[in-house]
Amino acid sequence: MSYVAKDGKDYDATGAQIPTAKIHKIRITLTSSNIRNLEKFCSDLVNRAKDRELDVKGPVRLPTKVLKITTRKSPCGEGSKTWDRYELKIHKRLIDLHSSSEIVKQIVSFNFQLLLDNRLSHMFFWIDINFTRTRC
């Protein structure tokens, strides 16, 4: 098929307009308690996007949330008043992309097994992707 450009739009040889992929502003929110895996995933994601020559902004580092729990060691309340203190740090990163949704699915769909650490059963990793259509 040959393409003929008219008025900045693409047409095929029969004169029918070729549909173009919709460009979205995509915000990817990454959340994890393991900062090493989070930083590695962010750098891999940005490198994959730059290889495809996409407009990338980020990773933007958001403030770390610290969840704290203080509890008594003794289950019955007797004995010396000793306390245990536990905390969980939650790290968050934002990455903005300008591309079609199919390209983002290809970028994000690589193997997540690199992120999982079998020694830590309490580690979690969360990805949230928001699509917003922009005028282009």
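Residues numbered from 1 in each chain as written. Predicted model: local features only at pLDDT ≥ 70, side-chain atom pairs only at ≥ 80, totals over all residues. Heavy atoms only, no water.

1. Overview of helix α1 (residues 35-51)
Piece 1. Under the 1.5 Å per step criterion, the end-to-end length of α1 is 24 Å for 17 residues, consistent within 8% with the ideal 24 Å.
Piece 2. Here α1 has its buried residues at N37, L38, F41, C42, L45, V46 and A49. For α1, the arc enclosing every buried residue in end-on projection is 160°, short of the 170-degree limit, so these residues lie on one face. Those residues of α1 that are exposed and angled more than 90 degrees off the buried face are R36, K50 and D51. (Helix = DSSP H or I, 4+ residues; strand = E, 2+ residues; numbered from the N terminus. Expected span 1.5 Å × (residues − 1). Buried < 20%, exposed > 50% of the residue type's maximum accessible area, 1.4 Å probe, protein only. Arc of directions from axis to C-beta.)

2. Here we look at the packing of α1 against helix α2 (residues 101-108)
Piece 1. Viewed as axis vectors pointing N to C, α1 and α2 meet at an angle of 135°, and their least axial separation amounts to 9 Å. By the angle class used here, α1 and α2 are oblique. Along this stretch, α1 crosses α2, giving a crossing that reads as right-handed. Across from L45, R48 and A49 in α1, the residues of α2 making contact are Q106, I107 and V108.
Piece 2. Classifying every residue of the contact of α1 with α2 gives 4 nonpolar, 1 polar and 1 charged. (Axes fitted to C-alpha atoms, helices over the stretch in contact; angles between N-to-C directions. Parallel < 35°, antiparallel > 145°, perpendicular 65-115°, else oblique. Left-handed = near helix turned anticlockwise from the far one by under 90°. Contact = heavy atoms within 4.5 Å. Nonpolar A, V, L, I, M, F, W, Y, C, P; charged D, E, K, R; others polar.)

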